[in-house]
Amino acid sequence: MYITASSSATSSILRAASSRSSSLCSFRSLLSPSVASHSSLLTRRSFGTISPAFRSLPRWSHCFHSKPSPFSLTSQIRAVSPVLDRLQRTFSSMASEHPYKGIFTTLPKPGGGEFGKFYSLPALNDPRIDKLPYSIRILLESAIRNCDNFQVTKEDVEKIIDWEKTSPKQVEIPFKPARVLLQDFTGVPAVVDLACMRDAMNKLGSDSNKINPLVPVDLVIDHSVQVDVARSENAVQANMELEFQRNKERFAFLKWGSTAFQNMLVVPPGSGIVHQVNLEYLGRVVFNTKGLLYPDSVVGTDSHTTMIDGLGVAGWGVGGIEAEATMLGQPMSMVLPGVVGFKLSGKMRNGVTATDLVLTVTQMLRKHGVVGKFVEFYGDGMSGLSLADRATIANMSPEYGATMGFFPVDHVTLQYLKLTGRSDETVAMIEAYLRANNMFVDYNEPQIDRVYSSYLELNLDNVEPCISGPKRPHDRVTLKDMKADWHSCLDSKVGFKGFAIPKEAQEKVANFSFNGQPAELKHGSVVIAAITSCTNTSNPSVMLGAGLVAKKASDLGLQVKPWIKTSLAPGSGVVTKYLLKSGLQEYLNQQGFHIVGYGCTTCIGNSGEINESVGAAITENDIVAAAVLSGNRNFEGRVHPLTRANYLASPPLVVAYALAGTVNIDFETEPIGTGKNGKDVFLRDIWPTTEEIAEVVQSSVLPDMFRATYESITKGNPMWNKLSVPEDSLYSWDPNSTYIHEPPYFKDMTMDPPGPHNVKDAYCLLNFGDSITTDHISPAGNIQKDSPAAKFLLERGVDRKDFNSYGSRRGNDEIMARGTFANIRIVNKLMNGEVGPKTVHIPSGEKLSVFDAAMKYKSAGEDTIILAGAEYGSGSSRDWAAKGPMLQGVKAVIAKSFERIHRSNLVGMGIIPLCFKSGEDADTLGLTGHERYTIHLPTDISEIRPGQDVTVTTDNGKSFTCTVRFDTEVELAYFNHGGILPYVIRNLSKQ
């Protein structure tokens, strides 16, 4: 979908205009089956038996339509002139050749011939480009390459070149990512939406085959495995069998999608974690599409898509609905971001891990304030950071609030590409292109000072061992302060750093019997210890470091208590290979850290059940039990319903805390346990040196491991390959399915946009404080037995043992609407201190589940709104956190501030995001949530402007001003159509 010098863009417009003058622009040249049949590369991509031809394709083979279109859906709303005037201006401004044909040049190979052609930034001879951050240069190259003076204009290019002056002005630019990345929790609803959009196109009398991805889409199934079986040599196979039993219908649906939709690759279950697979295999760094070279870039429906930034690939998380629009050819509309320059100097001390570094960086950036910005790392300290360390820092961009945490490509990147099995020729092409286009950093050469919006610096020598918790990723605690911090948390009132345990109850001991053995729990006892999550399992130094801790502990006679649920979930099969080669997996097994599966587990709430006797001891004695995990999220209620304290730690520290059995310990002064010789064993006795770890990494992590792993995943696995799916391009919805259900988004949809909706005399459904996360709004974990979703499943004959998780049932809107605001730890001010998923139905005063109250309002024809504090919607990029409230009838959310992706998702679903004015919130304005609210927003979309102020009034005479958080003209168009997907359908159906 990229413009080359031979583009026939003007003739496409002329054909569109002559055949259908009422159309704003034509997608037929991109979307019709006739064009697809002419593209030799356009094949359906999947693993397994459905499309065996894929296995013969070269690595990174992705399919592009051979002829680009100058049109996109975004371009249709970037101007407001009448259609004929608009077309006339387009004709006059566009030539038959690319506007930047003068910088389209050849990249020669050193030994003769050429790698391909590219748009050369140095050829612009503009000194402003030399000072641009590398991350902004990627946006610039994309704008130049896709410039047609229609969907991307020369004015857009100039905005980016002049970034230093334009970024503070919050200017809007279009961006066209090279590809889209999905995982199954977000991928299933995305494919459901695409299937439903095809049906809607049919009902509107249009061609359903217009709904097809135009850019490569990679979907990795990694979010469905649960730790049902742990501490067993057979755990991987047992958990995978249970995973397929629970998710057979979902998996078959995704396999159908890989055949029904063009340009979609599905990586089967058991292959690894999406971000590690992206890093080790899917990431291209530089695309070479039929001789056209350009930087890799990606948007993903998982917030930790940012991990790929560590490889020098621009990538970040978006909502699934945004990703769907990107798949269908619509450029993203984004505000040109500021860039924080983060200088790294020095070298990390002996024994300090990448996890310690990322938790330190996260805390610094949260304090600095980087929401909506790029962070770009540079400095002398970069040379000492491995690619895996960089990826760890990039991974946690959502936790420090940035859109990206970007590491430009340098020699370390090239070494990693070779290590992970990329061919020498490919690496040579990547280096040659990036050097030629001034996108490569060579620290052996003098550096030109780049301009940044603001600056931070960290001396790596100052990083200390630490963990984060007990309820938020950025609440960092150094190890030396951990014991004091824990006691402070017990003392403090309930909050992010408090549990309000009375002094007299803090030493309470809960005695119980575990498999016939006497056992005990105290406040702070560890009941879950999990080496998990993409953040750390892609990093050989911390994974092998955990193995060395286990070995040293085993040699000294230490043993993890049997009632602690221990698990190891590698991000790819490569980890298993190097743990086995090093001989360290044996010692991890001795401590209970058997491999349980390849995918996201404890970090997303797929921790499985803990032993009944342990659970009973916790609940009967009101114990504040702890989980320690090597993850990136530790929000309360996410990891496990019974672990109120959840700490993020490096894999070696996960093993250490499991051995100690408690977080209530000072590792400096207190022993972890008693060795076989009767002597105390301290953390320092089992902690490996940096040199020990480096030696094992050097001897155990080999390129052949990566090649073998990724050659094998392309063959699928027996359970996946046995799934049979229909070949129809339209999906046959099963009304009895509790996994896949046709959503009601397009019910009764007509070709006319509904326009802005009024919010008059709305009731407050929920009144929240700060830091309400997407886990609070739309939990991914277990379905509680007394919840509305559980009642729904029981009524349809689903046994409790087969409930599965909310995340696995995201393809069913009826369950997800019931699961919205179903987190058992949610705090709603309307409930006067009572914690849980309930609210007050204001007219009647009844205390009801949130879903039941919402349905009562909806059936009475009453609108609802939500009041919230700061950081509303932080956490995972979860579509259902916007879809669920929309289905519950929520019309607006009024908050102090929004997380970037969630605000965008609300807009995409037609919900109005409003921000209180600075210094104001519901409490300062005296709002209790018992009022009725009217939002005085114009009913004519042309009278609404991005970021304008509106007045909100209540039925008891209060009035206050809010800022409407429609940030771009594009978002206003979505709102006018009732959301992004109806907008897409209406525009495509006109063609």
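The structure displayed is predicted, hence computed values, not measured ones.

Rules used in this analysis
Residue positions within a chain follow its written sequence, with the count starting from 1. pLDDT decides what is reported in this predicted model: residues at 70 or higher carry local features, side-chain atom pairs at 80 or more are listed and counted, and totals for whole chains, interfaces and linings draw on all residues regardless. With hydrogens and water stripped out, all remaining heavy atoms of the structure feed into the side-chain values. Strands here are runs of E lasting at least two residues and helices are runs of H or I lasting at least four, both read from the DSSP assignment and numbered beginning at the N terminus. In this scheme, a residue with accessible area under 20% of its type's maximum is buried, one over 50% is exposed, and one in between is partly exposed, where area comes from a 1.4 Å probe on protein chains only. The contact definition used throughout considers only heavy atoms, calling two residues in contact when any of these lie within 4.5 Å. Per-residue and other accessible areas were derived by the Shrake-Rupley procedure at a 1.4 Å probe size, with only the shown protein chains allowed to occlude residues. We treat two strands as partners when DSSP finds at least two bridges between them. Between N-to-C directions, angles span 0 to 180 degrees; the directions come from axes that are lines fitted to C-alpha atoms, helices contributing only their stretch in contact. Salt bridges are defined as contacts in which a side-chain nitrogen from Lys or Arg sits within 4 Å of a carboxyl oxygen from Asp or Glu. The disulfide criterion used throughout: a pair of cysteine sulfur atoms within 2.5 Å. Only Phe, Tyr and Trp rings are paired, with Trp represented by its six-membered ring, and only when their centres lie within 6.5 Å; those with planes under 30 degrees apart are stacked, over 60 edge-to-face, the remainder tilted. Charges are assigned to positions over rings by a cutoff of 6 Å between ring centre and Lys NZ or Arg CZ, combined with an angular limit of 35 degrees from the ring normal.

A.B. asks: Account for the overall build of the protein chain, naming residues and giving values.
C.D. replies: When helices and strands are counted, the protein chain shows 37 helices and 34 strands. Residues classed as buried in the protein chain amount to 65% of the 991 residues present. Residue pairs in contact within the protein chain that sit at least 24 positions apart in sequence constitute 77% of those at least 6 positions apart. Accessible surface computed for the protein chain: about 33500 Å², of which carbon and sulfur atoms make up 49%.

A.B. asks: I'd like a description of unusual backbone geometry, backed by residues and values.
C.D. replies: Following Gly469, the chain continues to Pro470 via a peptide bond in cis, the omega torsion being 10°. Relative to the assigned elements, Pro470 resides in the loop between strand S16 (466-468) and strand S17 (476-478). Despite not being glycine, Asp622 shows a phi value in the positive range, around 50°. Along the polypeptide, Asp622 turns up in the loop between helix H24 (612-621) and strand S22 (626-629). Classification of Asp622 by relative accessible area gives partly exposed; the value is 47%. Not every positive phi belongs to a glycine, and Asp748 is a case in point at roughly 60°.

A.B. asks: Let's hear about the sheet that holds strand S4 (residues 179-183): which residues, and what values?
C.D. replies: Taken together, five strands build an open sheet; the order of strands is S6-S5-S4-S9-S10 and the sheet is parallel. This sheet does not close on itself; its edge strands, each paired only once, are strand S6 (264-267) and strand S10 (314-317). Direction aside, the axes of adjacent strands within the sheet are offset by 20° on average. The pairing of S4 with strand S9 (residues 297-300) spans three bridges and is parallel.

A.B. asks: Before we move on, can you summarise the environment of Phe512 with the specific residues and values?
C.D. replies: The residue Phe512 is located in strand S18 (residues 509-514) in this model. Separated by 104 residues in the primary sequence, Phe512 and Ala616 have C-alpha atoms spaced 8.8 Å apart.

A.B. asks: Please set out the sheet that holds strand S33 (residues 949-954) residue by residue, giving values where relevant.
C.D. replies: Here we have seven strands rolled up into a closed barrel, ordered S26-S29-S30-S31-S34-S33-S32, and mixed in their pairing. When strand polarity is set aside, the average angle formed by the axes of neighbouring strands in this sheet is 40°. Bridge count between strand S31 (residues 912-916) and strand S34 (residues 959-964): three bridges; the pairing is antiparallel. Opposite Cys915, over in S34, you have Thr963 as the bridge partner.

A.B. asks: An account of helix H36 (residues 969-976) is requested, with residue identities and associated values reported.
C.D. replies: Counting buried residues along H36, seven of its eight residues qualify, which places the element largely inside the surrounding structure. Among all positions in H36, only Val970, Glu971, Leu972, Ala973, Tyr974, Phe975 and Asn976 are buried. Following H36 by one or two positions, Gly978 has its phi on the positive side, about 85°.

A.B. asks: Before we move on, could you go through the pattern of salt bridges and cite the residues and values that matter?
C.D. replies: The final tally for this structure, using the stated rule, is 42 salt bridges. As a salt-bridge pair, Asp228 and Arg246 come within 2.7 Å of each other at their nearest N and O atoms. Of the two residues, Asp228 sits in the loop between strand S5 (217-220) and helix H11 (235-260) while Arg246 sits in helix H11, which places them 18 residues apart along the sequence. Look at the salt bridges and you will find they share partners, linking Asp126, Arg128, Glu158 and Asp162 into a network.

A.B. asks: Run through the state of the cysteines, naming residues and quoting values.
C.D. replies: Under the definition given, this model contains zero disulfides. Unpaired in this structure, Cys962 has its nearest cysteine sulfur neighbour in Cys915, at a distance of 8.0 Å. For Cys962, a relative accessible area of 0% gives the class buried.

A.B. asks: Which residues make up the packing of aromatic side chains, and what are the values?
C.D. replies: By the definition in use, this model includes 29 aromatic pairs. Pairing Tyr872 with Phe898 gives two aromatic rings, centres 6.1 Å apart and planes at 90°, and the pair type is edge-to-face. Taken together, the residues span a long stretch of sequence, with Tyr872 in the loop between strand S29 (864-867) and helix H34 (880-887) and Phe898 in the loop between strand S30 (890-895) and helix H35 (900-908) at a distance of 26 residues. Exposure class is identical for Tyr872 and Phe898. Each is buried. Ring geometry for Tyr974 against Tyr983: centres 5.5 Å apart, planes inclined by 65°, an arrangement best described as edge-to-face. Both residues of the pair, Tyr974 and Tyr983, count as buried. The ring of Phe792 carries the charged tip of Arg796 above its face, separated from the ring centre by 3.6 Å.

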